[in-house]
Structure formats: C-alpha cells, structure tokens
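Architecture at a glance
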Amino acid sequence: MAARQDSQETSYLLPPNPEDWDEQGIPDFVYGQKDLVGEGIQWPGNASLTLDTLPRSRFDSALCSAWRQRVELGLFRYRLEDLQTQILPGSVGFVAQLNIERGVQRRPPQNIQSVRQEFDPKQFNFNKIRPGEVLFRLQQQEPDGPKQEDILVLINVSPLEWGHVLLVPEPALGLPQRLLPGILRAGLEAVLLSLHPGFRVGFNSLGGLASVNHLHLHGYYLAHPLPVEGAPSIPLDPKGYIHLLQTLPAPGFLFYTSGPGPEMEALIRRVCRATDYLSNREIAHNLFVTRGAPPGPASSPAGLTGLRVILWARKSSFGIKESGAFNVALCELAGHLPVKTSQDFGSLTEAAAVTLIQDCLLPQAQADEVRAALVALMAQGEL
C-alpha cells in the first residue's frame, strides 16, 4: 500500500466506500523529537478526566478520530460503551472495570506451547486483518538520525478500553511475539507522543497471555492513575540501572528514563537484554510502560516526570483461561482489572485480586534466581 506524507491536511479517516479502503493506502503519522513530551504531564486535581477534557497532541487527535470512526463503521467485535468502573477499597488502588463483551467476544487464543514458539503463517496474524483496521503508520523522521522501522497502528477489535490499539512492526516480516528494541522504542515514543497521562503501552509474551504469536504491543487510554506510577522501589545494582517494585499487587523490575535521548536508548538495551534472558529460559513475562515517578520512595500521582517500564517474570499460562474474575496479563499486574462478569465485579475485593495475581507469579526460589541473573546482566556490556 502506498504511503502518504503527514501534514496538517493528512486525514486518518477511511473513505465512505469500503471498496476504496485498500486503494487509499496507509497514511503516515510522521513525528520528530520535538513531538516527544517527557515532562509536564500530570493528572488533573479535581476535573473529570476524559479524552475530551484534556489537551490533545497531534498523536492523540489522529488516533482518537480514526478510532472513533472505526467504531461507527462497525469494525470492532463489539461496541465499547462507557465501562462501569470502581476503585477497589484498600491500600493498592486497583481500578476494576466491567467488560463483559471482551470476555465473550474476543478471538480465542492460539495454540501456544512455548515462550519461544516460531511464527506460523497459517495461524491468525496481522497480515490477515481487514484494511480498515489500520489507522496509520508511525514514522520517525529525523534529518540527522537513522531511519527507524515503520510501525503500523491497528485497532484492537476486542478493546479493553477507549483507544485500544496494537503497534505492529512491518507485519510481512512475520516476527514472533518476542520483544525487540525497535518495537519497544516505538512503544516508549508512543507514550511520549500523547499528552494524556493515562495512555499506556504494554507487552505480553507467549505464555504471558499473548493471544497472537505475531510481534505487537498494546496501547490504550485509561482515565485513572495506577499503583505502579508512583510505587516505591529499591535499587538492585550500584548504578541504579534496575530497581525492584516491592509493593502490591506484584513485585516487578523497574527501569526508568526521564525522556528521549541516550538514556532512553540505554534503557531499551537493558530491557531487551532482560526479556531475551527470560525468553531463552522459557520464562513468561509481561511489560508495562507508563508515565511515572523516578525510582525511590513512594511518590504522589502528580510526579509523572518520566517513563517507568515495569517487567514481571511469571508462571507460563497457555490456552484459554475461563476461571477467575479476570485474566492476569500486563494491565492486571499494573493494577487495571478488566472483570468478565457482573457477579465478579460486584463481589471482587482487593484481597481476592491480590491472591489471583500472585498465583501467577514465579515460586520464590525461581524469582530469586531471576533477580540475581538480571542484576548480573545489567553489569555486562556497555550500558
């Protein structure tokens, strides 16, 4: 499909006639360093937080207008209405949402047997989607820098929340679901392109509830702070490359950067070194990217001074999971709980949520082994 250069006139909307969608080609969303906002994004103190009450960046406007049109065109498996939401009483601050349709209508997960399973073109993959599901192509354009790989931004046809998209590097490459530096960089930059404090990005490995074995990240808006944004941490190595979030709902490895530049590139190398280690040892994992506070003592939700990347090693889980109020993947580990039934939504407690999440974590002896290995990896090479 032909690309078009981004400009003030670029439209990310589809033509009225579906027969013209494939011919239109994929519009480019071209951005540079000046579009990446590292500081100054905060949760409002008392205003009702919606996408319509906050300033929008070019990225937010492009994504939201195109996503809204795809809703109206019926390209999703269900129409996402305002989700019933509650903050569970307790010290964690879980954000629980009732999303019955996702539990019923989403595509069944593929048959996955290994964290390192190869891409299978016969299975569902992102080369098989309808043309209208592609919103635009992310293209970083810097006159003096190397050209980055193109990333397609697709709708998730079974959305968790408003604006739920998938970031997919060149689908024709047939990359399996193993984290690579290019897609992680795109995910970090997508968060920095948004002016909304609740736009987050994440990754589920195979065995970590990824349902499609084709490399992709999730991105979505959630109009609530999450526990991991300001949770306290302790450094695990002398240089502070990797930290440990010790608080509920689950301990995780924290990486932090104040924004784009050499520091962020070093973070990308460290995170991918850690996920390579986990994949090579068949250890499932989830990753979550959010604006947040620097490592250290607990911080208020207002302290969104940079990017937090949290990595969790967990038990492998393959196949369809029907039991429990929710499945445990990237958003649940961060404190966002999409609940599948009204009964569970009405009865869910913080203690029950913590138990369900912690049942998915590694046994303590294996967790200690992973921790020691990742700390040792941070000390290797030029980081």
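Here the amide bond leading from Leu248 into Pro249 is cis, since omega sits at 15°, within 30 degrees of zero. Following the sequence through the fold, Pro249 ends up in the loop between β11 (243-245) and β12 (252-257). The phi dihedral of Glu282 is positive, around 55°, even though this residue is not glycine. Note that Glu282 resides in the loop between α5 (262-280) and β13 (284-292). Residue classification places Glu282 among the partly exposed residues on the basis of a relative accessible area of 29%.

This part covers the packing of aromatic side chains. In the structure shown here, the tally under the stated rule is 11 aromatic pairs. Here Trp67 and Phe76 contribute two aromatic rings whose centre-to-centre distance is 4.7 Å and whose plane-to-plane angle is 55°, an arrangement assigned as tilted. As far as the burial class goes, Trp67 and Phe76 line up, both buried. Relative to Phe126, the ring of Phe124 has its centre 6.0 Å away and its plane inclined at 85°; by these criteria the two rings are edge-to-face. Take Phe126: its relative accessible area is 7%, and that puts it in the buried class. Chaining the aromatic ring pairs together yields one cluster made of Tyr12, Phe29, Tyr31, Phe59, Phe136, Phe199 and Tyr221.

The full count for this structure, using the stated rule, is 3 cavities of 30 Å³ or more. Computed from the structure, the second largest cavity encloses a volume of approximately 70 Å³. As for the second largest cavity, its lining consists of 11 residues, and the residues nearest its centre are Leu14, Trp21, Gly25, Pro131 and Val134. Broken down by secondary-structure element, the contributors of at least two residues to the lining of the second largest cavity are α1 (21-24), β2 (26-31) and β5 (134-140). Here the lining of the second largest cavity is built from residues that sort into 8 nonpolar, 2 polar and 1 charged.

This part is about the packing of α5 against helix α9 (residues 364-378). Where α5 meets α9, the axes come as close as 10 Å, and the angle between the chain directions of the two elements is 140°. Put simply, α5 runs oblique to α9. Regarding α5 and α9, the two cross each other, and that crossing is right-handed. Here α5 contributes Arg270, Arg273, Ala274, Tyr277 and Leu278 to the contact with α9, which in turn contributes Glu369, Val370, Ala373, Leu374, Leu377 and Met378. Along the lines of polarity and charge, the residues of the contact of α5 with α9 split into 8 nonpolar, no polar and 3 charged.

What follows concerns helix α8 (residues 350-358). Among the residues making up α8, those that are buried are Glu350, Ala353, Val354 and Ile357. Seen along its axis, α8 keeps its buried residues to an arc of 100°; they face one direction. If you follow the buried residues of α8, they end up packed against α6 (330-334) and β15 (336-339).

Now for a negative patch on the surface. A grouping of Glu19, Asp20, Asp22 and Glu23 is seen on the molecular surface, where their side chains present a negatively charged patch. Given a relative accessible area of 66%, Glu19 falls into the exposed group.

If you check α5, its first and last C-alpha atoms are 27 Å apart, about what 19 residues at 1.5 Å a residue would give, namely 27 Å. Within the sequence span of α5, burial applies to Met264, Ala266, Leu267, Ile268, Arg270, Val271, Cys272, Ala274, Thr275, Tyr277, Leu278 and Ser279. Residues of α5 that are buried sit in contact with α4 (181-193), β12, β13, β14 (306-314) and α9. In the segment just after α5, Glu282 is the residue with positive phi, at about 55°.

So, how was this worked out
Residues numbered from 1 in each chain as written. Predicted model: local features only at pLDDT ≥ 70, side-chain atom pairs only at ≥ 80, totals over all residues. Heavy atoms only, no water. Helix = DSSP H or I, 4+ residues; strand = E, 2+ residues; numbered from the N terminus. Buried < 20%, exposed > 50% of the residue type's maximum accessible area, 1.4 Å probe, protein only. Phe/Tyr/Trp six-rings, centres within 6.5 Å; stacked < 30°, edge-to-face > 60°. 1 Å grid on protein atoms, 1.4 Å probe; cavity = no way out; pocket = protein on both sides within 12 Å on 5 of 7 lines; lining within 4 Å. Points joined across faces, edges and corners; volume = space filled by probe spheres on them. Nonpolar A, V, L, I, M, F, W, Y, C, P; charged D, E, K, R; others polar. Axes fitted to C-alpha atoms, helices over the stretch in contact; angles between N-to-C directions. Parallel < 35°, antiparallel > 145°, perpendicular 65-115°, else oblique. Left-handed = near helix turned anticlockwise from the far one by under 90°. Contact = heavy atoms within 4.5 Å. Arc of directions from axis to C-beta. Patch = residues over 30% accessible without salt bridge, like charges linked within 9 Å, V, L, I, M, F, W, Y side chains within 5 Å. Areas by Shrake-Rupley, 256 points an atom, 1.4 Å probe, with all protein chains shown as cover. Salt bridge = Lys/Arg side-chain N within 4 Å of Asp/Glu carboxyl O. Lys, Arg positive; Asp, Glu negative; His and termini not counted. Charge placed at Lys NZ, Arg CZ, Asp CG, Glu CD. Expected span 1.5 Å × (residues − 1).

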